[in-house]
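# Residue-level structure breakdown
Here is what each chain is made of, one letter per residue.
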Amino acid sequence: MAKTAGGKNTAGVVETLVRPVVEGMGLSLWDVRFEKEGPDWYLRVLIDKPDGTMDTDTCALVSHAIDPVIDEADPIDQSYFLEVGSPGLGRRLTREEHYDKLKGQKVAARLIRPDEAGRRELEGILAGREGGTVTLDTAEGAVSFDISAASFVKLCDDEDLF
């Protein structure tokens, strides 16, 4: 994640700028990511509707609304591509509020290293997150892990599509 000239996280600065615009449009801001892919940088603003029905017209409206706000503040030194989209069906849980919102939903997690039972891949119903500890209700019973031990935790809404 790139840093701005003042040493702050670029995505965090952009989030502060665009959150009021996105929420003022009746949407929620799921995440902001500033990522390098190959030689290019991408500023990704992930939005969601309360009813979960995202469409490209809404993404375009948000893009047109936030672009001048970002341009005026000019928080990013290098060139980048702005992308506004949905977090998707298999959305990653990156913030504490994501865990609260998706409690009771089926999620998958990949641990960086195997746990004491030798598992790296976990799947189950999200029971909750207390501080840095995530608990899933799995077929083998409740499993807890430290969020820092996971490379990702994501919603499993898309598994029936494949």
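Our subject is the structure that appears above.
Overview of the structure. (Residues numbered from 1 in each chain as written. Predicted model: local features only at pLDDT ≥ 70, side-chain atom pairs only at ≥ 80, totals over all residues. Heavy atoms only, no water.)

## Digging into the environment of A108
Turning to its location among the elements, A108 is positioned in strand β4 (residues 106-111). For the pair A108 and E123, spaced 15 residues apart in the sequence, the C-alpha separation amounts to 4.3 Å. (Helix = DSSP H or I, 4+ residues; strand = E, 2+ residues; numbered from the N terminus.)

## Description of the sheet that holds strand β3 (residues 81-85)
The three strands lie next to each other as β1-β2-β3, forming an open sheet whose pairing is mixed. The open sheet has two edge strands, β1 (28-37) and β3, and neither has a second partner. When the angles between neighbouring strand axes are averaged without regard to direction, this sheet yields 15 degrees. Note: β1 against strand β2 (residues 40-48), nine bridges, orientation antiparallel. Bridging across to β2, E37 finds its partner in D40. Of the strands in this sheet, β1 and β2 are in contact with helix α1 (residues 10-24), which crosses β1 at around 145 degrees. Running over the sheet, helix α2 (residues 56-73) touches β2 and β3 and is turned about 140 degrees from β3. (Pairing = 2+ DSSP bridges. Axes fitted to C-alpha atoms, helices over the stretch in contact; angles between N-to-C directions. Contact = heavy atoms within 4.5 Å.)

## With respect to the pattern of salt bridges
This structure, assessed with the given rule, holds 14 salt bridges. Here D48 makes a salt bridge to K101, at a shortest N to O gap of 3.7 Å. Here D48, found in strand β2, pairs with K101, found in helix α3 (residues 96-101); they are 53 residues apart in sequence, far enough to count as distant. Exposure remark for D48: the relative accessible area of 4% places this residue in the buried category. Within this structure, E15, R19, E23, D31, R33 and R95 form a network of salt bridges that share partners. (Salt bridge = Lys/Arg side-chain N within 4 Å of Asp/Glu carboxyl O. Buried < 20%, exposed > 50% of the residue type's maximum accessible area, 1.4 Å probe, protein only.)

## What to know about the packing of aromatic side chains
Considering all chains together, one arrives at three aromatic pairs under this definition. Summarising the aromatic geometry, the rings of F34 and Y80 are spaced 6.2 Å apart at their centres and angled 80 degrees between planes, so their arrangement reads as edge-to-face. Linking F34 in strand β1 with Y80 in the loop between α2 and β3, this pair joins segments that are 46 residues apart in sequence. Classification of Y80 as partly exposed rests on a relative accessible area of 23%. Each residue in the set F34, W41 and Y80 is aromatic and connected to the rest through ring pairs, giving one cluster. (Phe/Tyr/Trp six-rings, centres within 6.5 Å; stacked < 30°, edge-to-face > 60°.)

## Some thoughts on the pairing of strand β6 (residues 133-138)
What you see with β6 is a clean split: V134, L136 and T138 sit on the buried side and T133, T135 and D137 on the side with no burial. Pairing of strand β5 (residues 121-130) with β6, which is carried by five bridges, proceeds in the antiparallel orientation. Bridge pairing in β6 links I125 to D137. What sits between β5 and β6 in their antiparallel hairpin is a turn of two residues, with G131 showing a positive phi close to 60 degrees. With six bridges joining them, β6 and strand β7 (residues 141-146) adopt antiparallel strand pairing. Residue pairing across strands places V134 opposite F145, the latter belonging to β7. Counting the residues that bridge the hairpin from β6 to β7 gives two residues.

## Observations regarding the nonpolar core
One finds V18, I47 and I66 to be the most contacted residues of the largest nonpolar core, which totals 18 residues. The set of elements that each furnish at least two residues to this core consists of α1, β1, β2 and α2. Non-local contacts of I66, meaning those with residues more than four positions away in its chain, are made with V18, V21, V22, V45, L82 and V84. If you look at the next biggest cluster of nonpolar residues, it comprises 17 residues, including L102, L111, L136 and A150. (Core = buried A, V, L, I, M, F, W, Y, C linked by side-chain atoms within 4.5 Å.)

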